[in-house]
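Descriptive structure summary
Residues per chain, in single letters:
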Amino acid sequence: MPMKTPQEYIDSLRELDLVVYMFGKRLKSVVDDPIIRPSLNAVAATYSLAMNLQYEDIMTATSHITGKKINRFTHIHQSVNDLVKKSKMGRLIGSITGCCFQRCVGMDALNALSITTYDIDKKHKTEYNSRFLKYLEYVQENDLVCDGAMTDPKGDRSLPPHKQPDPDMFLRVVDERKDGIVVRGAKAHQTGAVNSHEVIVMPTISMREEDRDYAVSFAMPSDAQGITYIMGRQSCDTRKLEEGTIDRGNAVFGGHEALIVFDDVFVPWERVFMYKEYEFAGRLVEQFASYHRQSYSCKVGVGDVLIGAAQTVAEYNGADRASHIRDKIVEMNHLNETLYCGCIACAAEGHREPSGTYYVDPLLANVHKQNVTRFPYEIARLAQDIAGGIMVTCPSEEDLKSPETAKWMKKYFRGVESVPAEHRVRILRLIENLTMGSAAVGYLTESMHGAGSPQAQRIMIARLVDMKDKQKTAKKLAGIGDDAK
Ligand code: SF4
Ligand code: FE
């Protein structure tokens with residue numbers, strides 16, 4: 001069966017030789033690094049949950065290539081039901097890990113490419129789709145994690161790729177050989193990059209003919225020669241180096257982002273999925289973005305954790321029966337379930353593309369993601385309101401344990417008599433982690449900018465809404481003739 005156990009996944013990462021830098025030094029072991037490990041644990045959860053029969057229906061699917069049972073993260077959606085299950089899967093894993101579990105970007109890249117490679121072939125009589133399907137089978141058979149790499153550094157935002165003073169600000173083809181191409185550039189903010197077996201590169205914007213060298217898509221093993229990773233910092237990241245677990249908030253799971261540098265990387269033709277077909281760059285971006293905006297069902301799951309933490313701290317504070325606290329919890333749930341409506345709706349309204357792949361409703365996917373840029377901030381604000389100022393003034397775990405201060409900590413950091421101070425501190429640290437610590441990268445800023453910043457969704461909403469039709473109905477009801485102004 002082509003499904004890895006979590007241990008097999010971790011072992012397979014050990015076999016890779018990634019060039020990763022963090023705090024100015026090359027890492028000897030990515031897998032064992034205490035700052036990276038929680039993010040690896042979160043990806044490993046996508047393997048362990050797929051083994052759990054309780055979640056089999058959500059976490060696994062049947063490959064349309066081999067007919068075998070596979071992890072849903074390597075699946076090409078074959079029905080509306082598949083799309084709905086994908087949304088449910090995001091919420092499920094978010095609610096178990098309380099963080100970004102990283103594997104969705106690869107799934108979304110695979111699905112977008114299954115559509116675009118087919119469409120390019122139809123127009124240009126190329127053979128991208130058969131290449132892609134071969135690659136997909138390899139990914140499915142080995143249950144691999146793929147990093148979907150789209151965002152270029154972009155340099156001067158007012159200039160297109162070919163006019164940048166530094167031509168590497170967008171990843172590009174620098175050489176064409178008989179057996180493949182050579183690419184140079186970088187991809188920024190890459191979620192889960194160093195926990196991945198493969199990196200799938202796509203262009204980041206629509207392109208014109210002058211930008212054709214930048215219209216390139218391909219996949220490479222994550223440890224291919226010429227690829228370097230520089231890890232992003234997260235607020236409170238060095239707490240993961242501390243001995244205790246309390247101050248980390250969530251000591252088991254986390255996420256990570258990295259800059260990936262491609263320094264003249266050779267890509268064999270069989271791994272190239274778009275080569276200078278510039279007129280398809282925009283469509284690939286749009287399809288990946290719509291799928292990934294749907295994937296933000298993950299934040300509903302993280303919201304579940306935060307709401308659970310807020311209710312718990314309210315009880316620990318003895319404030320849970322106050323009407324305004326109850327109302328705030330209702331508001332948090334209302335916002336979170338509204339987010340859920342969006343990711344289910346864009347899936348339920350999905351349709352079949354000519355390639356056979358099912359695609360989400362792009363308007364609803366963009367509306368969903370636009371809500372995600374806002375609601376988690378309000379949910380986080382309410383959680384901080386309920387938690388109280390102690391969330392940011394609470395002394396450290398060391399003080400809770402020190403013989404000199406433990407008695408004062410236990411006495412003065414207790415809320416209701418029945419709950420020890422340590423439990424109260426633990427739940428406060430989890431709220432801190434989710435709303436301003438390392439997990440806030442995932443719950444807040446990633447909600448804002450991941451899968452495209454808010455303005456990107458507004459542009460798509462303006463484009464996709466059928467305004468003429470709305471006006472037609474309004475004019476008809478108002479008794480204004482069709483051709484009247
Ligand atoms: Fe997946 Fe959500 Fe992380 Fe994006 S932010 S990779 S959708 S878990
Ligand atoms: Fe993301």
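Residues numbered from 1 in each chain as written. Chains lettered and ligands numbered in written order. Predicted model: local features only at pLDDT ≥ 70, side-chain atom pairs only at ≥ 80, totals over all residues. Heavy atoms only, no water.

1. Here we look at the site of ligand 1
- For ligand 1, the full set of nearby residues is Cys100, Phe101, Gln102, Cys104, Thr191, His292, Ser295, Tyr296, Cys298, Lys299 and Glu446.
- Of all the secondary structure elements, the ones that give two or more residues to the shell around ligand 1 are α7 (281–295) and α8 (298–317).
- Counting contributing residues per domain, the shell around ligand 1 is built from domain 1 (6–89 + 99–280) and domain 2 (293–466), each supplying no fewer than three. (Near = heavy atom within 4 Å. Helix = DSSP H or I, 4+ residues; strand = E, 2+ residues; numbered from the N terminus. Domains from an automatic or database assignment.)

2. Thoughts on the pairing of strand β10 (residues 227–231)
- Side chains Ile227, Tyr229 and Met231 of β10 all project onto a buried face; the interleaved residues Thr228 and Ile230 project onto a face where none is buried.
- Note: strand β1 (residues 19–22) against β10, three bridges, orientation parallel. The partner of Val20 across the bridge, within β10, is Tyr229.
- Where β10 and strand β11 (residues 257–268) come together, five bridges link them in antiparallel fashion. When the sheet's bridge partners are listed, Met231 is paired in β11 with Ala258. (Buried < 20%, exposed > 50% of the residue type's maximum accessible area, 1.4 Å probe, protein only. Pairing = 2+ DSSP bridges.)

3. A look at the packing of helix α4 (residues 80–97) against α7
- Between α4 and α7, the least distance of the axes is 8 Å, while the angle of their chain directions is 50 degrees. Classified by the angle between their axes, α4 and α7 sit oblique to one another. Where α4 approaches α7, its residues Leu83, Lys86 and Ser87 are matched on the opposing element by Tyr291, Gln294 and Ser295. (Axes fitted to C-alpha atoms, helices over the stretch in contact; angles between N-to-C directions. Parallel < 35°, antiparallel > 145°, perpendicular 65-115°, else oblique. Contact = heavy atoms within 4.5 Å.)

4. Side note on the packing of aromatic side chains
- Counted by the stated rule, this structure contains ten aromatic pairs.
- Measuring from ring centre to ring centre gives 6.4 Å for Phe170 and Tyr214, while their planes differ by 90 degrees; the resulting arrangement is edge-to-face. Here Phe170 is found in the loop between β5 (146–149) and β6 (172–176), whereas its partner Tyr214 is found in the loop between β8 (198–201) and β9 (216–221), with 44 residues between them in sequence.
- Classification of Tyr214 as buried rests on a relative accessible area of 6%.
- Centroid distance Phe218 to Phe262: 6.1 Å. Interplanar angle 85 degrees. Geometry classified as edge-to-face. One end of the pair, Phe218, is in strand β9; the other, Phe262, is in strand β11, and 44 residues separate them in sequence. (Phe/Tyr/Trp six-rings, centres within 6.5 Å; stacked < 30°, edge-to-face > 60°.)

5. Looking at the sheet that holds β8
- Strand order in the open sheet formed by four strands is β5-β8-β9-β12, and the pairing between neighbours is mixed. Unpaired on one side and paired on the other, β5 and β12 (272–275) mark the two borders of the sheet. Going across the sheet, the axis of each strand differs from the next one's by a mean of 15 degrees, ignoring polarity.
- Set on the sheet, helix α5 (residues 104–124) makes contact with β5, β8, β9 and β12; between it and β5 the angle comes to about 65 degrees.
- The strands that helix α6 (residues 128–141) touches are β5, β8, β9 and β12; relative to β12, the one it contacts most, it runs at about 145 degrees.

6. Here's the deal with the nonpolar core
- Counting residues in hydrophobic clusters, the biggest one holds 70 residues, and the most contacted among them are Ile181, Phe218, Ile227 and Phe262.
- In terms of residue count, α5 provides more of this core than any other element does, seven residues in total.
- Residue assignment places this core across two domains, with domain 1 (6–89 + 99–280) and domain 2 (293–466) each supplying three or more.
- In this view, Phe262 contacts Leu171, Val183, Arg184, Gly185, Ala186, Lys187, Val199, Val201, Phe218, Gly226 and Ile227; residues no more than four positions away in its chain are not counted. (Core = buried A, V, L, I, M, F, W, Y, C linked by side-chain atoms within 4.5 Å.)

7. Re α6
- Over its 14 residues, α6 runs 20 Å from end to end, which matches the ideal 20 Å to within 8%, given 1.5 Å per residue.
- Of all the residues in α6, the buried ones are Tyr128, Asn129, Arg131, Phe132, Tyr135, Leu136, Val139 and Gln140.
- Those residues of α6 hidden inside the fold are in contact with β4 (69–71), α5, β5, β8, β9 and β12. (Expected span 1.5 Å × (residues − 1).)

8. Considerations on a nonpolar patch on the surface
- Judged by side-chain polarity, Tyr21, Ile230 and Leu259 come together as a nonpolar surface patch covering roughly 220 Å² of accessible area.
- The topology assignment puts Leu259 in strand β11.
- Overall, Leu259 belongs to the partly exposed group, its relative accessible area being 31%. (Patch = residues over 30% accessible without salt bridge, like charges linked within 9 Å, V, L, I, M, F, W, Y side chains within 5 Å. Areas by Shrake-Rupley, 256 points an atom, 1.4 Å probe, with all protein chains shown as cover. Salt bridge = Lys/Arg side-chain N within 4 Å of Asp/Glu carboxyl O.)

9. Digging into the domain arrangement of the protein
- The assigned domain composition of the protein is domain 1 (6–89 + 99–280) and domain 2 (293–466).
- With centres defined by C-alpha atoms, the gap from domain 1 to domain 2 works out at 26 Å.
- Each partner contributes residues to the interface: domain 1 has 36 residues there, and domain 2 has 35 residues.
- In total, domain 1 and domain 2 occlude about 2,800 Å² of area from one another, counting both sides; carbon and sulfur atoms represent 57% of this.
- Contact with domain 2 buries surface across domain 1, with Leu83, Ser87 and Ile246 losing the most and accounting together for 23% of the total.
- On inspection of domain 1 and its partner domain 2, the count reaches two salt bridges.
- Across the pair Arg239 and Glu432 runs a salt bridge, and its minimum N-O distance is 2.9 Å.
- Our count for the domain 1 to domain 2 interface comes out at 18 residue pairs in polar contact (both at pLDDT 80 or more). (Buried area = accessible area lost by both parts, 1.4 Å probe. Polar contact = N/O pair within 3.5 Å; in protein donor to acceptor, adjacent residues only side chain to side chain.)

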